[in-house]
Amino acid sequence: TFQLLTYVVDVYRGDARAQRSYWNVLLYAALFHQCIAGPIVRYKTIDRELFGAESRKPELAQGVSRFCAGLAKKVLLANPCGALADTLILADSVASDPGMLAANLTRLGSMSVLGAWVGILAYALHIYLDFSAYSDMAIGMGRMLGLHYPENFNYPYISRTVTEFWRRWHISLGTFFRDYVYIPLGGNRGTRLRVVFNTLVVWLLTGLWHGASWNFVLWGLWFFVFLMLERSCLKKWLEKIPVLSNAYLLLVVCLGWVIFRFTNLELGFTLAKSLFGLNGNPLTGFEAEIQLQSHAYLLLAAAIAGTPLLHWAKQRIEGFVYSHGKLGTAWNVLLYATVPVVLLLASTANLVGDSYNPFIYFQF
């Protein structure tokens, strides 16, 4: 739907040429690589590669490598993080069962502070790794055919403000609302009240895009409030204390994920209080300690995958090997042949042996 909207609007504005073939429009709308999980592809960015006279040049090695990395991120990191979150802060099927509401409230209200934080951090890692993995796989499959889909994530958890976070998270959705809703409404032009109204509309729509439920509306409003605070004064203060700014961002985002996870607002409010011990719940507990000890390496690996550390290391290694002649060839074999095969085999083995494989963004 979003992709067809961009086609209609871009052609109307004169930003893209009208496509004379119905079947070509249908092909654009049905690009199977990313039509379910994104990124949102605009017609004017893909028109030349998909329908232009110039022949596309498939980038098989890079595409396969990116796809296998995304698959491994999904299967080896996102799924275990999701299973840990379900264990600690309720699986969706349990939380949505009205007959278990009382038991769920008791569980969330009595769990330890440590357990609540481990659970919500696991969920934060899960939702990022899961969604960005699908984008990686879509981008990789596109490159195998010579199509260049836009990047959709840029390590959002290293951000220092909510404003920066939303420039790095689900980039194609954010730019869609900016270019097709915010700017046509007037953007930053006009009175301060008008700018606030324009921003409010965007964030109400962002919340509703994820689901027609009050928790998603509140989730959108949650970020709207902090964006307005940052625009008025908070951003200047955060720039003066960079050490604390990332902690502030992670706190805001994690509390936002609490709102996002539970369609039942009472459950979300109960978990939010447990994060700070406001339910009279203990600081730690046996279950939380065991889960943390058992999943410490998983959480560490997932956290590293959410930072540019591996990308930085890759660039440093490439700078070294390419300056030493034959080492460059060996590096290419490792990067584009050996590593993808290993990741593909490990992911396949894990999928065969594990029945937990949710498609978390399918519902949004």
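For the structure itself, look to the data block above.
Since the structure is predicted, the reported quantities are computational estimates derived from the model, not experimental observations. (Residues numbered from 1 in each chain as written. Predicted model: local features only at pLDDT ≥ 70, side-chain atom pairs only at ≥ 80, totals over all residues. Heavy atoms only, no water.)

### Details of the overall build of the chain
Using the following cut-off: Helical segments are the DSSP runs of H or I of at least four residues, strand segments are the runs of E of at least two, and each set is numbered from the N terminus. The reference for a compact globule is 2.2 Å times residues^0.38; the radius of gyration itself is calculated from the C-alpha atoms. Exposure is judged per residue with a 1.4 Å probe applied to protein chains only, and the accessible area is read against the type maximum: over 50% gives exposed, under 20% gives buried, and values in between give partly exposed. Contacts are residue-level and defined by heavy atoms, with any inter-residue pair within 4.5 Å sufficient.
For the chain, the count of helices and strands is 17 helices and zero strands. Its C-alpha radius of gyration of 22 Å places the chain within 12% of the 21 Å reference for a compact globule of 364 residues. By the burial criterion, 45% of the 364 residues in the chain qualify as buried. For the chain, long-range pairs separated by at least 24 residues make up 74% of all intrachain contacts whose partners lie at least 6 apart in sequence.

### Remarks on the packing of helix 7 (residues 113-144) against helix 15 (residues 296-305)
Test applied: Throughout, an axis means a line fitted to C-alpha atoms (over the contacting stretch in the case of helices), and angles, computed between N-to-C directions, take values from 0 to 180 degrees. An angle below 35 degrees is read as roughly parallel, one above 145 as roughly antiparallel, one from 65 to 115 as roughly perpendicular, and any other as oblique. Each helix crossing is assigned a hand: it is left-handed if the near helix lies turned anticlockwise from the far helix by less than a right angle, otherwise right-handed if that turn is clockwise.
At their nearest, the axes of helix 7 and helix 15 sit 10 Å apart, and the two run at 45 degrees to each other. Comparing their axes, helix 15 and helix 7 come out oblique. Note on packing geometry: the crossing formed by helix 7 with helix 15 is left-handed. Of the residues in helix 15, those in contact with Val-118, Ala-122, Leu-125, Tyr-128 and Leu-129 of helix 7 are Leu-299, Ala-302, Ala-303 and Ala-305.

### Some details on the side chain of Thr-6
Residue placement: Thr-6 occurs in helix 1 (residues 2-13). In this structure, Thr-6 is in contact with Tyr-28, Val-41, Arg-42, Tyr-43, Phe-176 and Tyr-180, ignoring residues within four places of it in sequence.

### Here's the deal with the environment of Leu-238
Here Leu-238 lies in helix 11 (residues 214-240). On the basis of relative accessibility, which here comes to 7%, the residue Leu-238 falls in the buried class. Separated by 213 residues in sequence, Leu-238 and Val-25 have C-alpha atoms that sit 46 Å apart. If we skip the residues at most four places from it in the chain, Leu-238 touches Arg-160, Thr-161, Glu-230, Ser-245 and Tyr-248.

### Notes on the packing of aromatic side chains
Quick note on the threshold: Pairing of aromatic rings covers Phe, Tyr and Trp, the last counted by its six-membered ring, and requires centre-to-centre distances within 6.5 Å; plane angles under 30 degrees mean stacked, over 60 mean edge-to-face, and any other angle means tilted.
Enumeration according to the criterion identifies 33 aromatic pairs in this entry. Arranged with centres 4.8 Å apart and planes meeting at 80 degrees, the rings of Tyr-7 and Tyr-43 form a pair that is edge-to-face. One end of the pair, Tyr-7, is in helix 1; the other, Tyr-43, is in helix 3 (residues 43-51), and 36 residues separate them in sequence. Centre to centre, the rings of Tyr-28 and Tyr-43 are 5.2 Å apart; their planes meet at 85 degrees, and the pair counts as edge-to-face.

### A closer look at the pattern of salt bridges
Stated formally: Think of a salt bridge as a Lys or Arg side-chain nitrogen and an Asp or Glu carboxyl oxygen that are within 4 Å of each other.
Under the defined criterion, the tally for this structure stands at 12 salt bridges. Residue Asp-86 pairs with Arg-261 through a salt bridge whose shortest N-O separation is 2.8 Å. Linking Asp-86 in helix 4 (residues 60-89) with Arg-261 in helix 12 (residues 242-261), this pair joins segments that are 175 residues apart in sequence. Across the pair, exposure class does not vary: Asp-86 and Arg-261 are buried alike. Between Lys-314 and Glu-318 there is a salt bridge, with its nearest N and O atoms 3.1 Å apart. Here Glu-318 and Lys-314 lie together in helix 16 (residues 309-321), a separation of four residues that amounts to about one turn. Because the salt bridges share partners, they merge into one network encompassing Arg-66, Lys-73, Asp-136 and Glu-151.

### A few points about the side chain of Gln-3
Within the secondary structure, Gln-3 sits in helix 1. Since its relative accessible area comes to 10%, Gln-3 is described here as buried. Excluding its chain neighbours within four sequence positions, the residues that come into contact with Gln-3 are Tyr-28, Ala-29, Gln-34, Pro-39, Ile-40 and Val-41.

### Things to note about the environment of Gly-82
Among the structural elements, Gly-82 can be located in helix 4. Sequence-distant contacts of Gly-82, defined by excluding residues within four places in its chain, comprise His-126 and Tyr-356.

### A short note on the nonpolar core
Spelled out, the test is: Here, nonpolar core means buried Ala, Val, Leu, Ile, Met, Phe, Trp, Tyr and Cys residues that are tied together by side-chain atoms lying within 4.5 Å of each other.
Judged by nonpolar contacts, the single largest core of 71 residues is most densely connected at Ile-89, Tyr-157, Val-162, Trp-169, Trp-257 and Leu-271. Considering every element that reaches this core, the biggest residue donor is helix 7, with 13 residues. Once residues within four sequence positions are removed from consideration, Val-162 is found in contact with Phe-223, Phe-226, Leu-227, Glu-230, Tyr-248, Leu-249 and Val-252. Counting 13 residues, the second largest nonpolar core, distinct from the first, contains Ala-16, Tyr-28, Phe-51 and Ile-139.

### Digging into a nonpolar patch on the surface
This is how the line gets drawn: Residues qualify for a patch when their relative accessible area is over 30% and they have no salt bridge, like charges being joined within 9 Å and the nonpolar side chains of Val, Leu, Ile, Met, Phe, Trp and Tyr within 5 Å. Exposure was quantified through the Shrake-Rupley algorithm and a 1.4 Å probe, taking into account, for residues, occlusion by the shown protein chains and nothing else.
On the surface, Tyr-22, Trp-23 and Leu-26 cluster together into a nonpolar patch covering about 390 Å² of accessible area. Mapped onto the fold, Tyr-22 is located in helix 2 (residues 22-29). On the basis of relative accessible area, Tyr-22 is assigned to the exposed category, the value being 54%.

### A word on unusual backbone geometry
Phi at Leu-90 is positive, roughly 80 degrees, even though this residue is not glycine. Structurally, Leu-90 can be placed in the loop between helix 4 and helix 5 (92-95). Here the phi dihedral of His-170 falls at roughly 40 degrees; this positive angle occurs in a residue that is not glycine. On the secondary structure map, His-170 appears in the loop between helix 8 (162-168) and helix 9 (171-185).

### Digging into the environment of Gly-277
Its location among the elements puts Gly-277 in the loop between helix 13 (265-275) and helix 14 (286-294). Given a relative accessible area of 27%, Gly-277 falls into the partly exposed group. For the pair Gly-277 and Ala-102, spaced 175 residues apart in the sequence, the C-alpha separation amounts to 19 Å.

### A look at helix 3
The criterion, for reference: Here, the arc refers to the directions that run from the helix axis to the C-beta atoms.
Of the residues making up helix 3, those classed as buried are Tyr-43, Ile-46, Asp-47, Leu-50 and Phe-51. What you see down the axis of helix 3 is that its buried residues fit within an arc of 130 degrees, all on one side. At its buried positions, helix 3 is contacted by helix 1 and helix 2.

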